[in-house]
Structures are given as structure tokens and as C-alpha cells.
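In case you want the letters, here they are:
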Amino acid sequence: MSAPLDRGRYALVLALDALLLGGHLHWMPTPYAAWLGFLLLLAAWLSRHQVRASGALVRLPLLFLTFGLLVYAAGSPIGREGGSALLGGLIFLKLFETATARDARITAAAALFFSMIGFLFGQGLLLTVYFCMVAIAAFVLLHVVSVGEGDPAAAWRDGLRRGLRVGARVTVAALPLTIAVFILFPRLSSPLWGAPWDATQGKTGISDRMRPGQLSALWNDDSPAFRVTFAGAVPPPASRYWRGPVLWSFDGGEWSRSDLYRGSRVADLRYQPDSVVEYEVLMEPSERNWWFPLDFALQIPEGARLASDGQVTTFRPIIGPRKATFRSAWRYQLDIRPVMGQRWAAMRLPEAGNPRSRQLAAEWRSAHGGDADAIINAALQLFHRDFAYTLDPPPLSSDTVDDFLFNTKAGYCEYFASSFAFLMRAAGIPARIVTGYQGGSYNASGGYWIVRNSDAHAWTEVWLEGRGWVRVDPTAAVAPERINRGSLSAALPEAATWYSEGWGAEWRNRFDLISRYWRQAVIEFDAVRQRNLLQQVGLEDLGWRALGGALVVFGGIGLLLGVWLSLRGMVPAQRDALLVAYRRFGDRLARCGVARAEAEGPIAYGERAAQSLPECAPAILELTRRFAEQRYGESANDPDRSHRQRLARELRAFRARR
Amino acid sequence: MSVEPVRVERHDATQVALRAAIEQVNQVVFGKRAQINLAFACLLAGGHLLIEDVPGVGKTTLAHAMATSLGLSYQRIQFTSDLLPSDILGVSIFDRDTGQFRFHAGPIFAQLVLADEINRATPKTQSALLEAMAEQQVTADGESRPLPQPFLVVATQNPVDLAGTFPLPDSQLDRFLMRISLGYPDAEGERQMLAACDRRELLTQLGPRLDSAQLLEIRHRVAHVATSAALIDYVQRLLAATRLHAQIRIGLSPRAGLALLAAARAVSFLGGRSHVLPEDVQAVFAAVAAHRLVPASEATLARTALADEVVRAVRVD
């Protein structure tokens, strides 16, 4: 039977679980995470009011509720998310049957395992540091529970401080083994965490469909979409358009890609040689299969495909961070000779809908005749004169273009691009929508550019006789700062946050630099880089057998180093053989019904035991008297241990007769 | 927890005489064996004793009987609100025959001084006594006069009679090695007392059982009772527990730890042992520690109960 857990140590278990929950909040379905938080509070409340909720009557309903909520929130208890959520729920339910030191140890072990589960959902630097702290907290719990077992409640605070030291030390001691295994463990060609992504999960990032109002989820998402390092000169902000999916079809509400016009060859591209730049892109996992090259891509990485409309796609979705080198020209002319069918596709409109917009386009057309430039200007003038740029536009009715152009007159890039393209098509000018990113911010400490999800953008291209596809960004007519300075906060002061400028931005850049190193050094360490590294130290072309051998050898060295690190300078546990023998003597007597109180002196205990067990009273009195003498008398300091050893033997040999 | 005397080697004359002295006090003060043991331990450890109790339970008798049995010169000072420091320490008076000032020693110049109802005197007078206790000498008219050795003070305090008293401050309480209370005797002891003849008469029949040389020898031997590392560990755990206890604002000081060890040595000597057991520490802990603890304002327990709780909570091994 393990020692019961006092409230102080139970509070430590609660704290560990709270820490654990904090590391999983980012992926857990909100209602489920809230339920786990509630379980935590409930357990804390029960502990505070010293209510024991160990009965099945309490635990069974909680179990069913947890499971029900799991199925409701995560869909199923199977799969990456569901399975992890189930495990988390069980760990939190364990709180209601945590009564002994052994239960606390199980919780600590489960917390370590559940921390590892956390890496299925993210391997960023912050998360790694966080889970390291959770691991230290688990070690603290293990230490406090094990070392001070049975101490009065007040003493665990003392153990907490020592536990922190031990926890940090154990974590540091684990590093050599970790590094050895990290470098030598055979890598799979695909990422180790290549668990199937749940299709149900809502995705951020640019999609290949566009409906006004859809991008708004991205404005608040300041996480990097990709990072770019330019080899030479950097194009001006107004030309930094990162080209994503090109949308051709409009069904009245939504723009989408059309597979019909994705020929894999660019028919006709002319560019100015002095505008060619070479750059390296470090892409964050987007779970989509396209890159965002600088407009317009000349050279793309191996395995990617350049469609005739300039979109660069990959065969498989980008689920891990990926790095690639591109070459682009930012002054170019595309398709002066039209590609077969493209003009027709770029003029298609639904049969009906948005009558006022069609009428307006028809008016322009009759007023300006075939002068496309004049029509474009009319539209841009309209936007410039009457429209407002806002991230929080009013909702639109089913005739989105009409409603936007004639009623609400406020919106952001998607709204302008969508209605502009519609007007152009209605006026007989071929037009298409390009989505992607615009701008980016420079990280001076790292010398690279960051393009964040909040830099998402949509613009239009129109095809003009003799000039090909020409980029027209209607947003620039309304909010030129958005384009010229390449950042959202420049266009909208209310979108600026403390980290947009000044020291906040500086620190943010520094952190981004560190996490980029983390990505490159740790997360992207794949089979190829492993082979390269091993070649550098002279281990060429190791088969998996040799790699396994090296792993065992270096892992063993790392393990020994870790053991040495964790034991170094530690005072060996006081193992007084006499005291151990006396405790066993006490256990024997306890089995006869005379347990020693913790605070009972040996003579007092011996006398009490002798009274209860008169048959062996002489032996008990004699042994306790000699124990007291050896432990507390002058002979306790006697370097000659033979007396103590003999007494210890006799104490161990003692058997109570009843 | 009381520790009964284990055995006394017959040839140890000093131990025999000490036992006889304690026995003699027990013949006068009935039914208070444990407290008398503690009182002797306190004096043998060279500490001063504070007895806190209601009137009429035998405080004065105890002090007088101990003084007589130990063969010490004895003085009793009744503290009142108009008592002046010079009434205790003594005063220099001009002698017309010699034409010089002559110091008339006060009642404090005795080996065992009973300071009765010490909290009824003004703080000024109290501190005169307490200074003498701490320094073992009296300074008057710029001249230091050593007090007779051994010099021991037994002070009594009346907890009930609060009107017109000046309670000793916490810092002054520290000068007393132990604080005990006698309490009412049990039924048997009370009957014995009522049946016996007048206590004053009993006291006159007492004779010294020890002489000064023996007493000094005992104190020397008490100071050399062994304390093992395991015992020091235990005392340290006790001290730490008082400092960590939620209901105690100020725990025991290292000096209190020394006092605890000294008292435990004396109890152990009285028990006929040459080393201190945890039981000895436990026997004196409440008497030594309780008046030194400062309970937190929200403490629900009295000081003695707090001390007992600490002893019960700290493990012995």
C-alpha cells in the first residue's frame, strides 16, 4: 500500500495537469478543452473541501460525459486528434482516483507520454521549450512524492525547491542520449510525424476557392506563411506579389480554379533581364500543394510544375516545412499571343445575377467603345472615389457584386478583386483573379523576409491586346499604402499591433530568426541531411545495420554520460543499515498490531510493544535498548561498525510470537 | 511523555544523593512527579525556571523545597507594583563610623531566588532581575558584584490575576530555560496533602541532600551527556517544523535549539543515561519551546498545544 497523498502534493498533481493542458490547447477542440479545464477545477474544488469522489457513482458519469463530448467535439476517438484527446481525457479523469503516491507517479509518467503526443501537433521551438518545462514539472512531482513520502504537509514545499533542481538536472542529463539518438536514429524519407491529416480540420492559408469574406480568418493569423532569402537585389514592395492559385471560374458567389487551362507550359513570356532575382523560400506546412513564387516564376524546383497561368504546384501537399530555390522576373509580359481558349474562359459569367453591375459595365462599354484602358480607369476611379478599405465589411446578400458596388461600398482585397473582375468580364475584357500574398516584412537580424498569413492578398489580371496579361490591383486604387508599403497595418492603423513597429517588431524578428534556425537544424533534419552530416565525419554510406550499431554505441555513451551527470555531486542516499533493520523490526511488530507512530521514540515504542506482546517483551526491550544505545549513545560515533552490524542482523532476525 | 528513571549505579554517590533530593521534594509537593523532574532538570542544566499557575498549588513550596534539598541558600522576593530595583539588588548606605558608603546586598544575593508573582512589578524592576539573571552579576554604584554560584531563579507568574500586572514581553521570556505549570494535584495527591501536616512544618524538617561541590559536579556531568548525530538531526527537524508550521509566526531560534539540547541532557542525566534519547527531547520540548513560540494571529491553538502538535508531527528515526 502506497502512502496517501496529502493536499499539498495533490495540488502539485493538479498543477502538472494544468501545465499539460496548456500545451495542448492549440489543437484540442475548444469544448473538449473547456471540459478538461472544468474537470481540473472540479478536482481542485473537491480537494479544497476535502470531499472524496472516489465512488463509481461520480466517476462513471464523468467518464461517459468525457467520452460523449469527445465524440461530439472531435468526431471519433480514432485518429490523431481523437485518439490524443481520448488519452488526455483519461489522464484528467485519473485526477478523481488519485489518492496515493503511486497514483501521483502514474500521473507524472502519463504527463511525460502526453507531452510526447503534443509533438504530433506541432514541433515549433516554443512548444518544445514548453514541453521541456512540463517534463521538468513531472520530474519535480516524482521527486516530491518519492523523497518526502509521509512527511508532514508543510515539508513538501521544501521538497519542491530541491525537486526543481533535480528535475532540471535530470532533463539536462538526458541531453547526451537525446542528441545521440537524434543524430543517429534511422530517418524515414518522409517526416516521422507524417500522420494522416484530418480532413475535417479547418485549414488556414490560401485556398483555391475564393468567396468575399473568406480571407478574414487570415488577418489575425500572424504566423509565417513562408520566409524568403534573396540572393541579390530585392524587388520594390509594390512588385512583391507572391503568386498563388489563379481563379478562372465564377459561379455568382465563388471564384474557383479551372482544371481546363492548366497546361504545363508557359506559352509566351518576355521579361527584362535586369529584373531577374534568385531567392530561397522556406515554406511552412500549408497542407496545400502549391508554392508562392514571386511573380513571375522562371525557374522552379525539381518536382514542381509551372502551369500556363503561372501557378506552381507540387505533387503532394506540403505537410512539413520545405525549402526550395526559385528564379523570377518581376518585370515581364505574359501571353501577348493569346493561349487557345483562355480569352474565352476569362470572359465567362453566369447566365444571370448581379444585373446592376452588368448594366454599369454595359454603360461603360458603350461610352468608351473598345477602349479597355478607359474602362479599367472608370472602374478604378469608381473605387477610388466612393469606396472604403476595411477589414470588417458588412455582410453581402446573394448578389454579392451588386450589393458591394451599390450598397455597402466597403471591403478588402477579395471584394475589390471579385467585383473588378466581374465588371471587366461584363464589359468584355478578359479577366482572372490571382490569389497569394503581397509584401512581407524584413527581418534585419536574420537578413530574410517573412511573409505572414496576414499578408494574404487577391488581385486581378486582365488580358489586353498587344500587352498580354496585365496585373491590375483594384485594392491599390482604394488603399495604396497596403500595396506600396506591403503591409496591412500601413493601410489600416487599427490593424497595427504593438509588434508592428519599434522594439516589438525587433524582438519579434529575433524570435523568428531563432525559430528559423530551429526549423533548419532540428525539424528538417531528414535522411539526406543525416547522410551529409555522417559523411562529414567520415562515416559514408552506412547501411541501417551499421547505423543501428552506431546508435547503440553512441546511445550507450550518451546514457552513461547522462547517468554520470545526474549522479555527479549528489549525496548518496543515507542508507543506514541499522536504521533500515530497525524499520523492518517495526514493520514486524506492526503486523502484530503494534505499529510505531512516526514521532515515537525507540524506548517509548519498545515499552508499548512489550506491554502488548508480553511473550516477547524481554527480546523487544533488549533490542530497542540496544538500538537506542547504538543510534543515540556514544557508540553511534564509533568507527568500529561491528556492533551495529550485529545488532542490525539481530533486528532483522527478530520474529514476534503471538 | 515521562521517562522513568532506569537504574542508578549503586556506587554513584552523586546520583544517589540527587535521587534522594528529588524524592524529598516529592514528599512535600504531592502528585507532581513529572513537573518536579522538569524543575530539577531545568536547574541542573543551569537554567532559570518560570512557573505559571494559579495561587495555592505549591509554587513557593516547590521552590523552597528544591533550594533546601539541593543545599542552596534561598531568598524569596514578593514582587509588587511598588517594588524598586534597589529592593532586589541592594543599596549603598553611608556608614558614619567608617565614614564610607557600605553596600547592603539585596535579596538577590542568594543561590536560589524565588521571584514570586514577577508580573506584578513594573517593567523597570523586572528588567533589573532579568539583567542579573543574564549576566550573573549585579552592578550598583559603578561596581560589579558577582552573584553567588550557582545562581538560579525560579519566578512565578499568575495568569488569572490580569488586573494591575505587567506581562513579561516575549523577548524577556527567552531568559527562562523552561516554563512549566503545576496545575491542580490529582485526587490522590490532594488527599495526601490535606491529610499531611502543615507544609511549612514539613519544610522545616527538610535537610540538604547535596552539597555545592556535588551540585557543580552534576552540572559538569550534565553538560557532557552525549548527543549523537541522529539526535541532532531530530532536533533540527523539530526546529524546522516550528518554522514551517502554518499557525506559528515565529519559530524557534538556534539559541532555543541549544536550550532544548541542554534541558534534554539534564532529563537524560536524571534518567541515569549517558546519552540523550529522542524521548528526552520530547519530554522537555513543550516546557522549553512553548513560551518561545509566537503563534500566528489566526492560530487557534495555545502555545503549549502548538508545541505538542509539532512533537507529534515530526518523525523520529
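Whatever comes next refers back to the structure up there.
Residues numbered from 1 in each chain as written. Chains lettered and ligands numbered in written order. Predicted model: local features only at pLDDT ≥ 70, side-chain atom pairs only at ≥ 80, totals over all residues. Heavy atoms only, no water.

Caption draft 1: Local environment of the overall build of chain B. Along the backbone of chain B there are 13 helices and eleven strands. Expressed as a percentage of its 317 residues, the buried residues of chain B come to 52%. Taking the intrachain contacts of chain B between residues at least 6 apart in sequence as the baseline, contacts between residues at least 24 apart amount to 76%. Accessible area of chain B: about 14,400 Å², with a carbon and sulfur share of 53%. (Helix = DSSP H or I, 4+ residues; strand = E, 2+ residues; numbered from the N terminus. Buried < 20%, exposed > 50% of the residue type's maximum accessible area, 1.4 Å probe, protein only. Contact = heavy atoms within 4.5 Å. Areas by Shrake-Rupley, 256 points an atom, 1.4 Å probe, with all protein chains shown as cover.)

Caption draft 2: Main features of the pattern of salt bridges. Residue and element names in this part refer to chain A. Under the counting rule described, the total for this entry stands at 24 salt bridges over all chains. Between Arg 243 and Asp 295 there is a salt bridge, and its shortest N-O distance comes to 2.9 Å. In this pair, Arg 243 sits in strand S3 (residues 241-247) while Asp 295 sits in the loop between strand S7 (276-283) and strand S8 (297-299), placing the two residues 52 residues apart along the sequence. Pair check on accessibility: Arg 243 and Asp 295 agree, each one buried. Among the ionic pairs, Arg 467 bridges to Asp 373, the shortest N-O distance being 3.2 Å. Linking Arg 467 in the loop between strand S18 (456-464) and strand S19 (468-472) with Asp 373 in helix H12 (residues 372-386), this pair joins segments that are 94 residues apart in sequence. What you see here is one network of salt bridges that share partners, running through Arg 243, Asp 295, Arg 432, Glu 461 and Arg 471. (Salt bridge = Lys/Arg side-chain N within 4 Å of Asp/Glu carboxyl O.)

Caption draft 3: Examining the pairing of S18 of chain A more closely. All names here are of chain A. In terms of residue burial, S18 counts as a mostly covered element, since nine of its nine residues are buried. In this structure, strand S15 (residues 431-438) lies alongside S18, joined through seven bridges in antiparallel fashion. Across the sheet, the residue bridging to Tyr 437 is Ala 456, located in S18. Judged from the five bridges that link them, S18 and S19 form a sheet pairing that is antiparallel. Pairing of Val 462 across the sheet is with Val 470, part of S19. The turn joining S18 and S19, which pair antiparallel and follow one another in sequence, is formed by three residues; a positive phi near 85° is taken by Gly 466. (Pairing = 2+ DSSP bridges.)

Caption draft 4: Up close: the interface of chain B and chain A. With 20 residues of chain B at the contact, the number on the chain A side is 20 residues. Buried surface at the junction of chain B and chain A, both sides included, amounts to about 1,700 Å², of which 56% is carbon and sulfur. Counting every contact that joins chain B to chain A gives six residue pairs in polar contact (both at pLDDT 80 or more). Secondary structure elements with two or more residues in the side of chain B that touches chain A: helix H10 (229-244), helix H12 (278-289) and helix H13 (303-313) of chain B. Among the residues forming the side of chain B that touches chain A, the class breakdown is twelve nonpolar, four polar and four charged. (Buried area = accessible area lost by both parts, 1.4 Å probe. Polar contact = N/O pair within 3.5 Å; in protein donor to acceptor, adjacent residues only side chain to side chain. Nonpolar A, V, L, I, M, F, W, Y, C, P; charged D, E, K, R; others polar.)

Caption draft 5: Structural detail: the nonpolar core. Ranked by size, the top nonpolar core spans 78 residues in total, and within it Phe 40 and Met 178 of chain B carry the most contacts. Residue contributions to this core peak at ten residues, all from helix H11 (residues 254-270) of chain B. Residues from two domains meet in this core; each of domain 1 (1-223) and domain 2 (224-317) of chain B gives at least three. Setting aside residues no more than four positions away along its own chain, Met 178 of chain B makes contact with Leu 38, Ala 41, Cys 42, His 48, Leu 49, Leu 50, Ala 263, Val 284, Ala 287, Val 288 and His 291 of chain B. Grouped together as the second largest cluster of nonpolar side chains are 44 residues, Leu 5, Ile 91, Phe 92 and Phe 131 of chain A included. (Core = buried A, V, L, I, M, F, W, Y, C linked by side-chain atoms within 4.5 Å. Domains from an automatic or database assignment.)

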